[in-house]
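Next come the chains, spelled out residue by residue.
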Amino acid sequence: MKRITRITVGTLATAALLAGGGGIALAAHQTDSAAITVTAAATGTAATGVTGTAAAPVTTSAYISSRKAVRIAKKRVPGARVSKVEREWEHGQRAWKVELHKGAWEYDVYVSAKTGKIIKLKRDYDD
């Protein structure tokens with residue numbers, strides 16, 4: 001039984017490393033003589049052993065890059081060109097402000113730095 005558990009842990013660690021790219025932290029906790037829970041912290045997935053106890057979900061504090069924020073904003077306003085990208089606070093959270101121009105219009109798209117969702121969109125007529 002211990003050999004099967006070791007093989008399972010090794011297989012899960014390899015799969016997490018391949019899926020996550022690197023920097024995977026594995027935490028193993030032995031509760032009883034036959035129960036083991038393995039959590040791949042970087043991917044947020046949990047695999048359980050014999051007893052079926054689930055691990056707590058893992059939260060990450062990674063922010064999206066400015067490039068990704070620009071891609072999200074350009075998807076919202078297709079055909080626009082980017083004139084400025086800056087990081088600001090908007091609605092109590094960190095956000096990327098992407099300034100776009102399309103025709104005679106100026107768009108300010110605020111993309112949440114944490115989730116990547118658009119939290120605000122302003123459109124002004126550029127004289």
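What comes next concerns the included structure. A quick note: this is a predicted structure, and the numbers were derived from the prediction, not measured.

Basis of the calculations
- Residues numbered from 1 in each chain as written.
- Predicted model: local features only at pLDDT ≥ 70, side-chain atom pairs only at ≥ 80, totals over all residues.
- Heavy atoms only, no water.
- Helix = DSSP H or I, 4+ residues; strand = E, 2+ residues; numbered from the N terminus.
- Buried < 20%, exposed > 50% of the residue type's maximum accessible area, 1.4 Å probe, protein only.
- Contact = heavy atoms within 4.5 Å.
- Areas by Shrake-Rupley, 256 points an atom, 1.4 Å probe, with all protein chains shown as cover.
- Core = buried A, V, L, I, M, F, W, Y, C linked by side-chain atoms within 4.5 Å.
- Pairing = 2+ DSSP bridges.
- Axes fitted to C-alpha atoms, helices over the stretch in contact; angles between N-to-C directions.
- Polar contact = N/O pair within 3.5 Å; in protein donor to acceptor, adjacent residues only side chain to side chain.

Describing the overall build of the protein chain
Scanning the protein chain from N- to C-terminus turns up two helices and seven strands. Counting from the amino terminus, the protein chain carries its helices and strands in the arrangement α-β-β-β-α-β-β-β-β. Looking at the protein chain as a whole, 24% of its 127 residues are labelled buried. Long-range contacts, defined here as pairs at least 24 residues apart, represent 27% of the contacts in the protein chain between residues at least 6 apart. Accessible surface, the protein chain as shown: approximately 8500 Å² in total, 53% of it carbon and sulfur.

Digging into the nonpolar core
Counting residues in hydrophobic clusters, the biggest one holds 13 residues, and the most contacted among them are A69, V77, V98, L100 and V109. Of all the elements in the fold, those that place two or more residues in this core are α2 (66–76), β5 (93–102) and β6 (105–112). When residues no more than four places from it in sequence are discounted, the contact partners of V77 are L100, K102, Y107 and V109.

A closer look at the sheet that holds β6
With respect to topology, four strands assemble into an open sheet ordered β4-β5-β6-β7, the strand pairing being antiparallel. Each end of this open sheet is capped by a strand with a single partner; those strands are β4 (81–90) and β7 (118–125). With direction set aside, neighbouring strand axes in the sheet form an average angle of 20 degrees. Sitting on the sheet, α2 is in contact with β4, β5, β6 and β7, with an inclination near 50 degrees to β5.

Describing the pairing of β5
Most of β5 is tucked away: seven of the ten residues are buried. As paired elements, β4 and β5 share nine bridges and run antiparallel to each other. Residue V85 lies in a different strand from β5, and its bridge partner there is V98. Counted between consecutive antiparallel strands, the loop separating β4 from β5 contains two residues, among which H91 sits at a positive phi close to 55 degrees. In terms of strand pairing, β5 meets β6 through eight bridges, oriented antiparallel. Residue pairing in the sheet places W96 in a bridge with V111 of β6. In this structure, the hairpin formed by β5 and β6 is closed by a connection of two residues, where G103 is found at a positive phi of approximately 65 degrees.

Some details on the side chain of S112
In this structure, S112 sits in strand β6. Look at S112 and you get buried, because its relative accessible area is 1%. Polar side-chain contacts of S112 include one of 3.2 Å to the side chain of T115.

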